[in-house]
Amino acid sequence: MDDRNTSGARSVSTDAEIRAPRADAARNRGQLLAVATRVFASADAEPSMRAIAREAGVGIATLYRHFPTRESLVDAVYRDQVVRLTTGAHELLGRLAPAAAMRRWMDLFGDWIATKNGMLDTLLAMIEAGEIAHAQTRTELLTAITRMLDAGRAAGDLRSDVTAEDIAAALIGIFTVAPRPEREALAGRLLNLLMDGLRATDRPA
């Protein structure tokens, strides 16, 4: 009986020991991903893997252990940002009025554009090679915008004659002329003006 209990204790301990390194590895990977996203978003030119490792405070071997190639890191950052945008629309609508949710989501979109710009050369090469499904990403983002537009129309917050494509085009235009982070103030002003144009107003017949 004692032997069985001891064996069981060893089994539980072994499972815990297996799970702990996995949890640590996932946490470390997430931290590296967050640092890489920040470095890409603030870089004037595409940063080296060594620069990203240095910013993260780890050796280059540690970065390569989690992301064996530059392409694997860019892919992870890109996909993480898309998930943040698609889930962000749902989360924002869960706690804010639709118009306020839309405005907050525009900031998330700006973060995504800034991050893309910092890894653009690699990203374009991956899209060209078919390693990233750009059309699918576009569909996912338009669906997120549509979800917010539909909620805004139902609440009477947002105009009914605007499409997701209209908003996506406007956002790309804004962040082209006012890239973040260097022109953050101008981008914010233009986004506020865009939101003013999107709000539902009573118009005479």
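Structure shown above.
Let me sum up the structure you'll find in this document. Note that the structure is a prediction, hence the values are computed from the model and not measured.

A tally of helices and strands in the protein yields 9 helices and 0 strands. Helices (α) and strands (β) of the protein occur, in sequence order from the N terminus, as α-α-α-α-α-α-α-α-α. A burial count over the protein gives 34% of its 205 residues as buried. Intrachain contacts of the protein at a sequence separation of at least 6 include 66% that bridge at least 24 residues. Total accessible area on the protein is roughly 11800 Å²; 53% of this is exposed by carbon and sulfur atoms.

What follows is about the packing of helix 7 (residues 134-155) against helix 8 (residues 164-177). It is at 9 Å that the axes of helix 7 and helix 8 come closest, and there the two elements cross at 110 degrees. Classified by the interaxial angle, the pair formed by helix 7 and helix 8 is roughly perpendicular. The chirality of how helix 7 crosses helix 8 is right-handed. The residues of helix 8 that touch helix 7, namely those facing R138, L142, I145, T146 and L149, are A164, E165, I167 and A168. When grouped by side-chain class, the residues that make up the contact of helix 7 with helix 8 number 6 nonpolar, 1 polar and 2 charged.

Tallying each qualifying case throughout the model produces 4 aromatic pairs. Summarising the aromatic geometry, the rings of Y78 and W112 are spaced 6.3 Å apart at their centres and angled 50 degrees between planes, so their arrangement reads as tilted. Here Y78, found in helix 4 (residues 70-95), pairs with W112, found in helix 5 (residues 98-117); they are 34 residues apart in sequence, far enough to count as distant. Classification of Y78 by relative accessible area gives buried; the value is 2%. Judged by centre distance (5.7 Å) and plane angle (40 degrees), the rings of W105 and F109 are tilted.

Now for the pattern of salt bridges. Scanning the entire structure with this criterion turns up 7 salt bridges. Between E55 and R38 there is a salt bridge, with its nearest N and O atoms 3.7 Å apart. Residue E55 is located in helix 2 (residues 49-56), and its partner R38 is located in helix 1 (residues 2-42); the two are separated by 17 residues in the primary sequence. What makes E55 partly exposed here is its relative accessible area of 46%. Judged by its relative accessible area of 46%, R38 is partly exposed. Of the charged contacts in the structure, one is a salt bridge between R84 and D80, with a shortest N-O distance of 2.9 Å.

Considering the arrangement of structural elements, one finds T137 in helix 7. Setting aside its immediate chain neighbours within four residues, T137 contacts Y78, V82 and W112.

What helix 2 keeps buried is the set M49, I52 and A53. Seen from one end, helix 2 has its buried residues packed into an arc of 100 degrees, which puts them on one side. Along helix 2, exposed side chains directed more than 90 degrees from the buried face belong to R50 and R54. Once helix 2 ends, the next one or two residues include G57, with phi positive near 75 degrees.

Right, let's get into the environment of A114. Considering the arrangement of structural elements, one finds A114 in helix 5. Separated by 67 residues in sequence, A114 and P181 place their C-alpha atoms 7.4 Å apart.

As a further point, take the nonpolar core. Soluble globular proteins: nonpolar side chains tend toward being buried together. If you look at the biggest cluster of nonpolar residues, it comprises 52 residues, and the most contacted ones within it are M102, W105, F109 and L171. Elements represented by at least two residues in this core include exactly helix 1, helix 2, helix 4, helix 5, helix 6 (120-128), helix 7, helix 8 and helix 9 (184-198). A per-element tally of this core places helix 4 first, with 9 residues. Sequence-distant contacts of F109, that is, excluding residues within four places in its chain, are made with L85, L141, L171, I172 and F175.

Parameters and conventions
Residues numbered from 1 in each chain as written. Predicted model: local features only at pLDDT ≥ 70, side-chain atom pairs only at ≥ 80, totals over all residues. Heavy atoms only, no water. Helix = DSSP H or I, 4+ residues; strand = E, 2+ residues; numbered from the N terminus. Buried < 20%, exposed > 50% of the residue type's maximum accessible area, 1.4 Å probe, protein only. Contact = heavy atoms within 4.5 Å. Areas by Shrake-Rupley, 256 points an atom, 1.4 Å probe, with all protein chains shown as cover. Axes fitted to C-alpha atoms, helices over the stretch in contact; angles between N-to-C directions. Parallel < 35°, antiparallel > 145°, perpendicular 65-115°, else oblique. Left-handed = near helix turned anticlockwise from the far one by under 90°. Nonpolar A, V, L, I, M, F, W, Y, C, P; charged D, E, K, R; others polar. Phe/Tyr/Trp six-rings, centres within 6.5 Å; stacked < 30°, edge-to-face > 60°. Salt bridge = Lys/Arg side-chain N within 4 Å of Asp/Glu carboxyl O. Arc of directions from axis to C-beta. Core = buried A, V, L, I, M, F, W, Y, C linked by side-chain atoms within 4.5 Å.

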